[in-house]
Structure formats: structure tokens, C-alpha cells
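Each chain is listed here by its residues.
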Amino acid sequence: MQRKKRTWIIIPVAMALLLLFFARIADLSFVDGIVTKVTAPFTATALKTSDGAASVFQIFFDLKNMSGENAMLREENQRLLSDYAQRMDLEKENEALRRQVGVEQKRQYILLGANVAYFDPLSFSHFAVIDKGSRDGVKEGMPVIMAGDVVFGKVVEAYEGFSRVMLISNSGNRVSVKTASEQATGVLAGMTGNTLRMDLIEKNAEIAPDELVVTTGLDGVYPRGLVVGWVKEVIASQEGIFKQASIRPAFEKGFTATVFIITDYLQ
Amino acid sequence: MTAFVLFLGAIVAQATAFQYLKEYGIAFDSVLAIAIVLGFMRGNYQQLMIPAFFAGIILDSMSGAPFGTITTALMAALAALSVLSTTFAREHVIHFAVFAVVGSVLFSAIVFFITMLLDPYARMPIIGVLSIIGYNSAGTILIYLFSRWIILSKNRISGR
């Protein structure tokens, strides 16, 4: 009896180890395809329902903080109005200069809307699967954004009807970024937890908390000017020529179920 | 069959609804929790090995982690709990807490080890791993208490 029990334990463990080994030497992406095809209808429905429920809960939480937030927003609105007036002047000036030099209008993205089928179920790795694939023109390396030009991630695998996206919060996703003031540049990577880390910032570069961090466009994946987050804390070390900063991500309140793939862009 | 259906429900919840309940970027591993609770309440972890194996494969194909990581971690955690159940046979909350912590630690440690070994870009601070273990253990204990409460209420209603 004891021997039979032991067999029931040992065989599945051995099979799992074999699977791990076999996956290193053979291409098992067809399994991903089958599982996604079977589970996607259920997960997509569950995700949309969760997204709706989360929005309703968010409304209740927002109601609680409404009066304080309202005062803050009024103040910010005043400031933005004056910024807007200045910006309009600059825009006109810029337009006139562009016409003189003969340079094209500002950047343009060609976007393809997609729905998230499911997120990576493991906390350690940050991926999502979306319902658009190679037959929709999606290719590996294409950047994916959320509403408001917020970076979501990049396509790492494009199958026929779906694609796997490596989220910006994944530690393997290296993004070239800068502060909006253009004073500091660096390389961004995700970490476990809701934090992004901006690395390789020159030691004497000026960077302060609450500064907006955007993409530089130098990594060849993400176009220039996409929103990444805000500086949370600057970590300066005594040694070396670089410093780091932790970044409060723009997706802080979570990712959404609707995203946009940038299939092409002009800068 | 019941275990497999519960695992499928947990997989869908883990990849969708629980993503909205993330704290510090950590989502609850509901499949692991269901496996620990079900095995403890039935007093038999061996019977769960096959459905958990297939649940692990589904999770692996849904995850971007190296294929086989979750299946291996799940199998190893259940095997250890099966051995442990010979020592802690009684159904008691404290015993269960030990099971929840051991299961979560083993699962997370194996996932962490395999990911660090096979993924050159992986960066996981120890504090993050500890948070995952704490979150999973606490959630698993809550599910167990909830399940016990349901069973006790059912028994009370039926007069047993």
C-alpha cells in the first residue's frame, strides 16, 4: 500500500521534471496554441467581467476621496490652463518654423485595437496574451500601449490568432527612457512588485521625485514620448558613475483589458 | 473530476479576476491554494497529483515562464505535503497553517530557482519572493477557514 502511494507521488514529479527538460530541447509552442484556443473564450469573458466589476468598485473608492481630489484637480486645472496658453503660443511658433524648414508634422502612430485574453497567472513573470495575431498584421517586437499613450509592453510571440506581450513590468523588458525635462536618461526594467527601476543614470544628471518619465525612442522598439511613470525615489550610490531611480508606473491602478498595438509609426 | 473542475475554475480566476486584486504586483496563486486545501481536507494528496499535473501544464502554457516550471513546482510542493501529511494527520487550523506555509515556500522557491536558472533577465528581490509566500500562505489559510465554515454550517443545518 505504502509502495503504491509512493509511486503515485514519484511518477508525476518525474514527469514534471522530464517536461521541464524536454521543453528546453524541443519547441512546445503548439501546446500554448491549443491551450489558448481552448481557454481564451472563457478567460476573455472572465476578464471583461472582472474589468467591469473593478471599474464599479473603483467608482466607490473614488467617491470616498472625491472632495479632496476635487480641490487638488481645481488647482491643477488652473496650472494646466496657464501651461496650455503658453503651449499654444509655442505650437504656433513651432508650426511656422516647421513650414520654413519643410519638416513633416509631428509623430503619427498606426494603431490596432486588441483585447487582453488573460494575464500571466504567475506573479514572478509579467506577460499577457492578446486576441490579435499574425493574421491581423501583428509581428514580434511591436510596442503595445494603453489609452493615454501609456506603455503596456511589447509583442514577444505572434501566433496566428493571438500574441504574447511582455509587460513593461517584466524584468526582461529593457526600455530606453528619459525624464520629460530631458535632464536624465537611463534604461528601465521591471521588478517583482509594482516598481520599475531606472538604471544607468549619469551621476551628475538632474532628476527629482515626481518628474514624468517617457520613452526616448532609442531602443528601436518604443516610439519617443510614450508615458512610463513618475520618479518615486532617486537612489545614489557612493561608488560608480551611475545612479538609479525607482519609478512609480503609470499603470499603477492596474492594466486594462483593452490595448493598442503600434503596427507602424513615424517620428 | 471535482478536483479538476475546481482547478480549471482556479486557473481562469488566477489569470483574470485575481489580476485586479493584485497587491504590490503580486497575484494570488489560487491553483496552489486549492491543491493545498483539497488535499488537507481529504487527507490525501496522492489523488490530486494527476489533476494538479494537468492544471500545471495549462498554467505553464499560459505563463511566459520557462515551460514546465509551474508543473514541477506544483508537483514538488504536493509531494512534500503528502509526506508531511503522514506526520500531521489531524485536521486542525494550526496544522493547516504549517501546510499552507510549507506548500507556498516550496512552490515559490522552486519557481524562483528555475526562473533564475533558465531566464538570464530575471531579477527578483528576496523581499518580493517573501511577499509572494506571505500573500499565498495567508490567502490559503483564509480559503481553508471559509471551506470549514461552509462545511460546519451545512452540518448544523442538517442537524449532524
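Look up: the structure comes first, before these words.
Analysis parameters
Residues numbered from 1 in each chain as written. Chains lettered and ligands numbered in written order. Predicted model: local features only at pLDDT ≥ 70, side-chain atom pairs only at ≥ 80, totals over all residues. Heavy atoms only, no water. Axes fitted to C-alpha atoms, helices over the stretch in contact; angles between N-to-C directions. Helix = DSSP H or I, 4+ residues; strand = E, 2+ residues; numbered from the N terminus. Parallel < 35°, antiparallel > 145°, perpendicular 65-115°, else oblique. Left-handed = near helix turned anticlockwise from the far one by under 90°. Contact = heavy atoms within 4.5 Å. Nonpolar A, V, L, I, M, F, W, Y, C, P; charged D, E, K, R; others polar. Core = buried A, V, L, I, M, F, W, Y, C linked by side-chain atoms within 4.5 Å. Buried < 20%, exposed > 50% of the residue type's maximum accessible area, 1.4 Å probe, protein only. Buried area = accessible area lost by both parts, 1.4 Å probe. Salt bridge = Lys/Arg side-chain N within 4 Å of Asp/Glu carboxyl O. Polar contact = N/O pair within 3.5 Å; in protein donor to acceptor, adjacent residues only side chain to side chain.

Visitor: Just to check I follow, could you spell out the packing of helix α4 (residues 69-84) of chain B against helix α5 (residues 93-118) of chain B for this structure?
Guide: How two helices sit against one another is set out by the angle between their axes and by the gap between those axes. Residues and elements named next belong to chain B. It is the contact of α4 with α5, at a shortest axis distance of 9 Å, that shows an interaxial angle of 150°. Taken together, the axes of α4 and α5 are roughly antiparallel relative to one another. As α4 runs across α5, the sense of the crossing is right-handed. On α5, the residues that touch T69, I70, T72, A73, L74, A76, A77, A80, L81 and L84 of α4 are V98, F99, V102, G103, L106, F107, I110, V111, I114 and T115. Within the contact of α4 with α5, the residues separate by chemical class into 16 nonpolar, four polar and no charged.

Visitor: It is not clear to me how the nonpolar core should be interpreted in this structure. Could you clarify?
Guide: The nonpolar side chains of a soluble globular protein tend to be buried with one another. Membership of the largest hydrophobic core comes to 62 residues, with the highest contact counts inside it found for F7, V31, Y45, L78 and F107 of chain B. Residues within four places of F107 of chain B in sequence aside, it is in contact with L122 of chain A together with D29, L32, I70, A73, L74 and A77 of chain B. With 43 residues, the next largest nonpolar core counts A114, A184, A205 and L226 of chain A among its residues.

Visitor: What is the right way to look at the interface of chain A and chain B in this model?
Guide: One frequently used descriptor of interface size is the decrease in accessible area upon assembly of the parts. Taken together, the contact pairs 49 residues of chain A with 48 residues of chain B. Taking both partners together, chain A and chain B bury about 4,200 Å²; carbon and sulfur atoms supply 71% of that area. Counting the contacts that link chain A with chain B gives zero salt bridges. Connecting chain A to chain B are six residue pairs in polar contact (both at pLDDT 80 or more). Secondary structure elements with two or more residues in the side of chain A that touches chain B: α1 (2-25), α2 (29-64), β1 (108-119), β7 (185-190) and β8 (196-202) of chain A. It is α1 of chain A that provides the largest number of residues to the side of chain A that touches chain B, a total of 12 residues.

Visitor: Even after reading the chapter, I still don't get the side chain of S147 of chain B, so can you show me in this structure?
Guide: Residues and elements named next belong to chain B. With respect to the helices and strands, S147 occurs in helix α6 (residues 126-158). There is a polar contact of 2.7 Å between the side chain of S147 and the backbone oxygen of I143. Non-local contacts of S147, meaning those with residues more than four positions away in its chain, are made with V37 and M41.

Visitor: Teacher, can you tell me more about the side chain of S63 of chain B here?
Guide: Relative to the helices and strands, S63 of chain B resides in the loop between α3 (49-62) and α4. Residue classification places S63 of chain B among the buried positions, given a relative accessible area of 4%. For S63 of chain B, the side chain forms a polar contact with the side chain of D120 of chain A, separated by 3.0 Å. S63 of chain B has contacts with D120, P121, L122, S125 and R164 of chain A together with I70 of chain B, leaving out every residue within four places of it along the chain.

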